[in-house]
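A closer look at the structure
Take a look at the letters that make up each chain.
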Amino acid sequence: MDDRAKATLRQIETPLRLTLVGLWAERLVRAFWPLWTLAIAVLAALAFGLQDHLPLEALWFGAVSALAGLVWAGVHGLRAFRRPSRVEAMARLDSRLAGQPLAALQDTQAIGAGDPASQAVWTAHLARMAERAKGAKPVEPDLKLAARDPFALRYLALTALVMALIFGSVWRLGSVSALAPGGGATALAEGPTWEGWLKPPAYTGKPTLYLNDQTAAALELPTGTKLQLRFYGEPGNLILAETVSGRTEAVPASEPVQDFVLVQSGKLAIEGPGGREWEITLTPDRAPTITAEGEIGRERGGRFKQQFKVSDDYGITRGQVTIALDVDKVDRRFGLAADPADVAPVVLDLPLPRKGDREEFVGTLVDDLSQSVLANLPVTLTFAASDAAGQDGVSAPVAVTLPGKRFFDPVAAALIEMRRDLMWTRGNGPRTVQVLRAITHAPETVITNEKAWLRLRVAMRRLEAEAASLSPELRDEVAEELWQIALMVEEGDLNDAKERLKRAQDRLAEAIRRGAAPEEIQELMDEMRQAMDDYMDQLAENMEERTPEEQSADGGATMTEDQLQEMLDRLQQLMEEGKTAEAAELLAQIQEMMENMRMVQQDGQGEGRGSRGQQAMRDLGETMRGQQGLSDDAFRDMQRGRQGEALGEGQEGEPGEGQEGGQSLAERQEDLRRQLEQLEREGNLPGAGNEAGEAGRQRLEDARRAMREAEEALRDQDLPGALDRQAEALEALREGIRDLGEAMAQDNRQEGEAQGGRQANREDPAGRDPLGRQQGNSLRIGSDDNLLSDEDVYRRAEELLDEIRRRSGDLNRPEGERDYLKRLLESF
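Residues numbered from 1 in each chain as written. Predicted model: local features only at pLDDT ≥ 70, side-chain atom pairs only at ≥ 80, totals over all residues. Heavy atoms only, no water.

1. Looking at the overall build of the protein chain
Quick note on the threshold: Think of it this way: any DSSP run of H or I at least four residues long counts as a helix, any run of E at least two long counts as a strand, and we number them from the N terminus. Any two residues whose heavy atoms approach within 4.5 Å at even a single point are treated as in contact. Per-residue accessibility takes into account occlusion by the displayed protein chains alone, with areas from the Shrake-Rupley method and a 1.4 Å probe.
Scanning the protein chain for helices and strands turns up 24 helices and 18 strands. Expressed as a percentage of contacts within the protein chain between residues at least 6 apart in sequence, the contacts between residues at least 24 apart total 69%. When the accessible surface of the protein chain is summed, it comes to about 46700 Å², and 52% of that surface belongs to carbon and sulfur atoms.

2. Concerning the sheet that holds strand S13 (residues 360-367)
This is how it is decided: Paired strands, as defined in this entry, are two strands with at least two bridges between them according to DSSP. Think of each axis as a best-fit line through the C-alpha atoms, taken over the contacting stretch in the case of a helix, with angles from 0 to 180 degrees between the N-to-C directions.
Taken together, the three strands give an open sheet; going across it, the order is S9-S10-S13, and neighbouring strands pair in antiparallel fashion. A strand with exactly one partner marks an edge of an open sheet, and here the two such strands are strand S9 (289-298) and S13. Strand-to-strand twist in this sheet, taken as the mean axis angle between neighbours without regard to direction, amounts to 20°. In terms of strand pairing, S9 meets strand S10 (residues 304-311) through seven bridges, oriented antiparallel. When the sheet's bridge partners are listed, Gly297 is paired in S10 with Lys305.

3. A word on the sheet that holds strand S8 (residues 277-283)
Two strands in a sheet stick together by hydrogen bonds in their backbones, pointing the same way (parallel) or opposite ways (antiparallel). Here we have four strands laid out as an open sheet, ordered S3-S8-S7-S5, and mixed in their pairing. Edge positions in the open sheet fall to strand S3 (218-222) and strand S5 (239-242), since each of these has one partner strand only. Geometrically, the sheet is characterised by an average inter-axis angle of 25° between neighbouring strands, direction not taken into account. By the bridge criterion, four bridges tie S5 to strand S7 (residues 266-271) in an arrangement that is antiparallel. Note that in S7 the partner of Ile239 across the bridge is Glu271.

4. Some thoughts on the pattern of salt bridges
Threshold: Only one rule defines a salt bridge in this text: a Lys or Arg side-chain nitrogen within 4 Å of an Asp or Glu carboxyl oxygen. Remark: exposure states derive from per-residue accessible area (1.4 Å probe, protein chains only) relative to the maximum for the residue type, with buried under 20%, exposed over 50%, and partly exposed in between.
Counting across every chain of the model gives 37 salt bridges. Note that Arg636 and Asp633 form a salt bridge whose closest N and O atoms lie 2.2 Å from each other. Remark: Asp633 and Arg636 occur in helix H19 (residues 612-646); sequence separation between them is three residues, near one turn of the helix. Owing to a relative accessible area of 15%, Asp633 belongs among the buried residues under this scheme. Glu709 is the partner of Arg705 in a salt bridge, and the nearest nitrogen-oxygen pair spans 3.5 Å.

5. Quick notes on helix H7 (residues 153-167)
The following threshold applies: One less than the number of residues in a helix, times 1.5 Å, gives the span that helix is expected to have. By arc we mean the arc of the directions from the helix axis to the C-beta atoms, nothing more.
Over its 15 residues, H7 extends 21 Å from the first C-alpha to the last, a length consistent with the 21 Å expected when each residue adds 1.5 Å. For H7, the complete set of buried residues consists of Arg154, Ala157, Leu161 and Ala164. Down the axis, H7 shows its buried residues gathered within 90° of arc, on one side only. Exposed and facing more than 90 degrees away from the buried side of H7 are Leu156, Ile166 and Phe167. Considering only its buried residues, H7 is in contact with helix H2 (13-47).

6. Thoughts on the environment of Ile804
Position of Ile804 relative to the elements: it lies in helix H23 (residues 790-808). Take Ile804: its relative accessible area is 19%, and that puts it in the buried class. Along the sequence, Ile804 and Lys822 sit 18 residues apart, while their C-alpha atoms lie 8.3 Å from each other.

7. Examining the packing of aromatic side chains
How we decide: In this analysis, rings of Phe, Tyr and Trp, with Trp reduced to its six-membered ring, are considered paired at centre separations within 6.5 Å, and the interplanar angle assigns stacked below 30 degrees, edge-to-face beyond 60, and tilted for intermediate values.
Counted according to the given criterion, the structure contains eight aromatic pairs. Measuring from centroid to centroid gives 5.8 Å for Tyr203 and Tyr314, while their planes differ by 70°, and the two rings are edge-to-face. A residue pair is termed long-range when its members are at least 10 positions apart, and Tyr203 in the loop between strand S1 (194-199) and strand S2 (209-210) and Tyr314 in the loop between S10 and strand S11 (316-325) qualify at 111 residues. Tyr203 sits in the partly exposed class, given a relative accessible area of 27%.

8. A few points about a negative patch on the surface
Definition in use: The residues that make up patches have over 30% relative accessible area and no salt bridge, and they are joined within 9 Å when like-charged or within 5 Å when they are Val, Leu, Ile, Met, Phe, Trp or Tyr. For the charge count, each Lys or Arg is scored as positive and each Asp or Glu as negative, with His and the chain ends excluded. Taken as the charge location is NZ of Lys, CZ of Arg, CG of Asp or CD of Glu.
Side chains of Glu712, Asp716, Asp718 and Asp724 sit close together on the surface and give a patch of like negative charge. Within the secondary structure, Asp718 sits in the loop between helix H21 (691-715) and helix H22 (719-763). What makes Asp718 partly exposed here is its relative accessible area of 36%.

9. Some thoughts on the packing of H2 against H7
This is how it is decided: Note on angle classes: values under 35 degrees are labelled roughly parallel, values over 145 roughly antiparallel, values of 65 to 115 roughly perpendicular, and the remainder oblique. The hand of a helix crossing depends on one turn: near helix anticlockwise from the far one by less than a right angle means left-handed, and clockwise means right-handed.
Packing of H2 against H7 leaves a shortest axis separation of 8 Å and a crossing angle of 25°. For the element pair H2 / H7, the angle class is roughly parallel. Like other packed secondary-structure pairs, H2 and H7 cross with a definite hand, here left-handed. Facing Trp36, Thr37, Ile40, Ala41, Leu43, Ala44 and Ala47 of H2, the residues of H7 in contact are Leu153, Arg154, Ala157, Leu158, Ala160, Leu161 and Ala164.

10. As for the packing of H2 against helix H3 (residues 56-80)
Our working rule: Under the grouping applied here, Gly and all other residues not named as nonpolar or charged are polar, the nonpolar ones being Ala, Val, Leu, Ile, Met, Phe, Trp, Tyr, Cys and Pro and the charged ones Asp, Glu, Lys and Arg.
H3 packs onto H2 with a crossing angle of 160° between their chain directions and a minimal axis gap of 6 Å. Considered as vectors, H2 and H3 are oriented roughly antiparallel to each other. In the packing of H2 onto H3, the handedness of the crossing is left-handed. Between H2, through Ala31, Phe32, Pro34, Leu35, Leu38, Ala39 and Val42, and H3, the contact on the second element is made entirely by Ala66, Gly69, Leu70, Trp72, Ala73, Gly74, His76, Gly77, Leu78 and Ala80. When the residues that make up the contact of H2 with H3 are grouped by side-chain class, the tally is 13 nonpolar, four polar and no charged.

11. With respect to the confidence of the model for the protein chain
To keep it simple, the criterion reads: On a range of 0 to 100, pLDDT expresses the predictor's confidence in each residue.
In the predicted model, the protein chain carries a mean pLDDT of 78, and 80% of its residues have values of at least 70. Predicted confidence in the protein chain is weakest over helix H16 (residues 548-553), with a mean pLDDT of 46, and strongest over strand S14 (residues 378-387), with 95. The low-confidence segment residues 598-610, where pLDDT is below 50, has 47 contacts with residues more than four positions distant or belonging to other chains.

12. Focus: the environment of Leu463
Mapped onto the elements of the fold, Leu463 is located in helix H12 (residues 450-465). Take Leu463: its relative accessible area is 1%, and that puts it in the buried class. Once the C-alpha coordinates of Leu463 and Thr432 are considered, the two residues, 31 residues apart in sequence, prove to be 8.7 Å apart. Those residues within four positions of Leu463 in sequence are excluded, and the remaining contacts are Leu422, Gly429, Thr432, Val433, Leu436, Leu470 and Val478.

13. Thoughts on the pairing of strand S12 (residues 346-349)
On S12, burial follows the alternation: Val346 and Leu348 on one face are buried, whereas Val347 and Asp349 on the facing-out side are not. Pairing of S11 with S12 involves four bridges; the strand directions are antiparallel. Across the sheet, Gln320 pairs through a bridge with Asp349, a residue of S12.

14. Structural notes on helix H20 (residues 665-682)
With 18 residues, H20 ought to run about 26 Å at 1.5 Å a step, and its terminal C-alpha atoms sit 26 Å apart, in line with that. Listed in full, the buried residues belonging to H20 are Leu665, Ala666, Arg668, Gln669, Glu670, Leu672, Arg673, Leu676, Glu677 and Leu679. In the stretch just after H20, Gly683 is the one whose phi turns positive, near 75°.

15. What about the side chain of Thr432?
If you trace the backbone, Thr432 turns up in helix H10 (residues 429-439). Those residues in contact with Thr432 that sit more than four places away from it in its chain are Met418, Asp421, Leu422 and Leu463.

16. Points about unusual backbone geometry
Of note in the backbone geometry, Ala152 takes a positive phi value of approximately 55° without being a glycine. Structurally, the position occupied by Ala152 is in the loop between helix H6 (116-133) and H7. In this structure, Phe334 is a non-glycine residue whose phi angle is positive, near 55°. Residue position: Phe334 is located in the loop between S11 and S12.

17. Quick word on the environment of Leu161
Mapped onto the elements of the fold, Leu161 is located in helix H7. Remark: the alpha-carbon pair of Leu161 and Leu46, spanning 115 residues in sequence, is separated by 9.6 Å.

Pasting the structure below:
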């Protein structure tokens, strides 16, 4: 071995030694794993205190068996163990290097030693091997024992030891010495002479305390904590003195096993060798408190909503509300004059949080008791909450009127009232029959639904047959039938859009007349708007199927969708301002106009309100709103990512965080892009062929390109880049919608001018309006001719304003007229 090889071996001395240590560890583990596995299992058993519960004979047998097993495992390990050598370590290290350079460095040149050329080749070979040897790194040992321990006994033993250290005590190992002669005294001197555990009630969530570790002189514990004490050694050496259990039965103070519950504050002391003393203070579990929050509210469809607030020191397990009739506040007239006989309180479970604590929270109860006899009657709400300790908290009764479904059709309201009377007491059976007969005396004038009328006749016959001795079962069946009939009368089974609209208008008018709650007014207003939309769609379809001559032959009033929408908005405003009289008058005007109305076509295709161009524009608006919402979610994800970095989490906001309906941000962006592509393919966009329409289409193409780039950025988790592209897409969408809107307006104006000319010629060949004036060409009612000169116009306007001011200040005029005149002055 030349000097070069020796120098190289000295350089790899450290990895060689580490590899040798790894060989030692590997062979020791493989040879002696049964020994340390058995030793750990025995130690776990002793820490669990198994020796304290076995008979002496069984304990001796176990000790001898364990000792024999340890001896066998040790002998087996010594036989299987082979001491690793430095040569073996070098061979293992060399096996991980390419070309085994360590072995090559120890070789000698066999032939050509005297040949200069051969010598040069050999020297170059050694130099290359020395260079490779310098990169040697320690070889990690193979400590896997799965093949030798297929049942994973080593893991079982280790798990048992960990559990013993958590739930047991290493001090119990000292009790083994008591088996030997004189070992009891030694054990008392070396290990604990007693142990104790304090276990609070499980619902408190507090951990178990090891009494031996409690060094404080005073302890504060929840009421109901369980104490477990174990005395070791000779009986009588340790004595328990306590005033916390309140036990009345005679229990020896030196009893080695004592378990009891702490029920009162007091002293706890262990007298004897190693004894301790504590002052125990028990904190009682307070009963839960629950109260109603805010006023009861009415939801759509007659549901009610009531908030409640709960507080408890450890959280509640159950909550209920009892809804009982408030008899003293009931208007005891008509069917309610009799004493209630069948009105039982309703008990509802309160919704509790599924996650998080239940110690203090505000919940909301939403339910529908429209079919209960208590609906729309004075009731009291009494909330109650229970905790895990069995304590109950009850709120003070809250007097409210229980919301329920309101019926605005007079016949339906009468049926519901009779149903309520019948459920109030079965004694109202004969009276209910009489009232129903009066309602149906002339059914053709009050009940237009033939199916409802037939069902009502059957229900009346059943009720009349047993009205004198009405059973609870029949009463419930008739009540359910009356409810279904009332729904049919109120909501109807109308297939015709015009009939649905008329029904919705009648219900809204009745609600305004009766002064219904704002929530009910809003619900009926929404219903009328929906019915109006359905009617307009049906009207547009009918107009599409008819020729212009047939449409013009109908005559009657004309109205655009915008004009109708303005009237509905005005109606909504009047109701919100509480001007019910004006709202009722405006609603009557709308009803009258709808009776004789035909819609003005608003586009050149004769499709009215439901035109493909307008629908395409609405779809574009929905796409833009979806893009805006997606951009907001992406921005929030980026902000969360930056906050995580500021806190040291080192996590970048990912697109998957802003999911909606199970879709990632990238998937949502792809859906929006496909929606835009679908709108372009359908070819329903307005303005085809004009400048504004083509400009709008180009902007939509730009938006689609920006959406695709944003989608790619989201998939690459580049949120800043995605936000930039989404901003470009939004801007392109806005400009495209604006251009297309201008294009559609141009189309409508052109078509309107053509239709206006045709209509004028049909109505009056001379081209004059109903007042005999020459009509203008700007699509407005009236004439383009000046009726007055400029001076006459200004003079006449001044005279009118003076007259309005005079009348508004005349106190002899009605207040309503003066208010109207003041509003006119405010407009000018």
